[in-house]
Amino acid sequence: DTAVSQTPKYLVTQMGNDKSIKCEQNLGHDTMYWYKQDSKKFLKIMFSYNNKELIINETVPNRFSPKSPDKAHLNLHINSLELGDSAVYFCASSQARVRNSPLHFGNGTRLTVT
Amino acid sequence: GNSVTQMEGPVTLSEEAFLTINCTYTATGYPSLFWYVQYPGEGLQLLLKATKADDKGSNKGFEATYRKETTSFHLEKGSVQVSDSAVYFCALSGDNAGNMLTFGGGTRLMVKP
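Residues take numbers from 1 onward in each chain, read along the sequence in its written order. The lettering of chains begins at A and the numbering of ligands begins at 1, in the order of writing. Local features in this predicted model are restricted to residues whose pLDDT is 70 or higher, and side-chain atom pairs enter the listing and the counts only when it is 80 or higher, whereas totals over whole chains, interfaces and linings include all residues. Note that water and hydrogens are dropped before the side-chain values are worked out from all heavy atoms of the structure.

Explain the sheet that holds strand β3 (residues 19-25) of chain A to me, please; I cannot follow it from the model alone.
The strands making up a sheet associate through hydrogen bonds between their backbones, and the pairing can be parallel or antiparallel. Residue and element names in this part refer to chain A. Strand pairing is assigned whenever DSSP identifies at least 2 bridges connecting the two strands. A run of H or I in DSSP counts as a helix once it spans at least four residues, and a run of E counts as a strand once it spans at least two, with each numbered from the N terminus. Strand order in this open sheet of 4 strands is β1-β3-β8-β7, and the pairing throughout is antiparallel. Where the open sheet ends on each side, the last strands, each with one partner, are β1 (4-7) and β7 (64-70). Taken pair by pair, the neighbouring strands of this sheet meet at an average axis angle of 20°, ignoring direction. Here β7 pairs with strand β8 (residues 73-78) via 5 bridges, running antiparallel. Among the inter-strand pairings, lysine 67 is bridged to a residue of β8, identified as asparagine 75. With axes taken as lines fitted to C-alpha atoms, and helix axes fitted only over the stretch in contact, angles between N-to-C directions fall between 0 and 180 degrees.

This is the structure we're talking about:
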């Protein structure tokens, strides 16, 4: 009964490849997010979608393209992978209609670019 | 913009010691404040929150008080256990779209038996 699930858990790939990470939530939330956690554990927001619409797009290279086919799914596609993309990527969800509703996080996808 | 600063780790304590992890913030308006915990290999879990000044959030023996005058939200626990070893993140949610969180840099806590 995982609330926020991401696949894959680990992803090892070479520079220049294109890869996708999938995220699904079964909490009925209306907002989903992608966060990037670097090697020093620092977390930075990348994107946020509310009811399939992009509402936050931080300064992320356009090689990163999120896609939300419905409000329960938010996938992240990355083109032309670079060494600096190596990180742990976390998906999260919340009920934005409820102010200060906490975020629920997936267990992360560890991306290693060689 | 919004920002959160927390003490750098690692913090190493013996079991049953008192824990304080400092957190200060910068934000416009009236943010809500959170502490999240990340155990090894897992995602972040909400530990506690406070939504207005002087509120105290508490959970599992941890507590933090929202101090607007000092823009702080320090995490405390009276007696830590080995199972508390994790990375702790202070975060704020401002008057922005969709409950987005701004995180501090995280503080690793190691508790030794």
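Moving on, there is more to tell.
Whenever I open this one, the interface of chain A and chain B confuses me. Can you help?
Quoted interface sizes are often the accessible area lost when the parts come together. Contact definition: two residues touch when any of their heavy atoms are within 4.5 Å. Taken together, the contacts link 25 residues of chain A with 25 residues of chain B. Here the quantity called buried area is the accessible surface, traced with a 1.4 Å probe, that two parts lose on coming together, added over both. Summing both sides of the interface, chain A and chain B together bury roughly 1900 Å²; the carbon and sulfur share of this comes to 55%. We count a salt bridge whenever a side-chain nitrogen from Lys or Arg sits within 4 Å of a carboxyl oxygen from Asp or Glu. Our count for the chain A to chain B interface comes out at 0 salt bridges. Within 3.5 Å is the distance limit for a polar contact, defined as a pair of N or O atoms, with the added protein rule that one can donate a hydrogen and the other accept it, and that residues adjacent in sequence qualify only through two side-chain atoms. At the junction of chain A with chain B, the criterion picks out 4 residue pairs in polar contact (both at pLDDT 80 or more). The greatest single-element share of the side of chain A that touches chain B, amounting to 4 residues, is contributed by strand β4 (residues 31-37) of chain A. Looking at the side of chain A that touches chain B residue by residue, the classes come out as 13 nonpolar, 8 polar and 4 charged. Just so you know the grouping, Ala, Val, Leu, Ile, Met, Phe, Trp, Tyr, Cys and Pro go in nonpolar, Asp, Glu, Lys and Arg go in charged, and all remaining residues, Gly too, go in polar.

Would you take a moment to explain the pairing of strand β2 (residues 11-14) of chain B for this structure?
Each regular strand shows side chains that alternate between the opposite faces of the sheet. Residue and element names in this part refer to chain B. Three labels apply to residues, based on accessible area from a 1.4 Å probe with only protein chains included: buried if under 20% of the type maximum, exposed if over 50%, partly exposed otherwise in between. Side chains Val11 and Leu13 of β2 all project onto a buried face; the interleaved residues Thr12 and Ser14 project onto a face where none is buried. The sheet contact formed by β2 and strand β12 (residues 107-112) spans 4 bridges and is parallel. Each residue of the ladder has a partner; that of serine 14, found in β12, is lysine 112.

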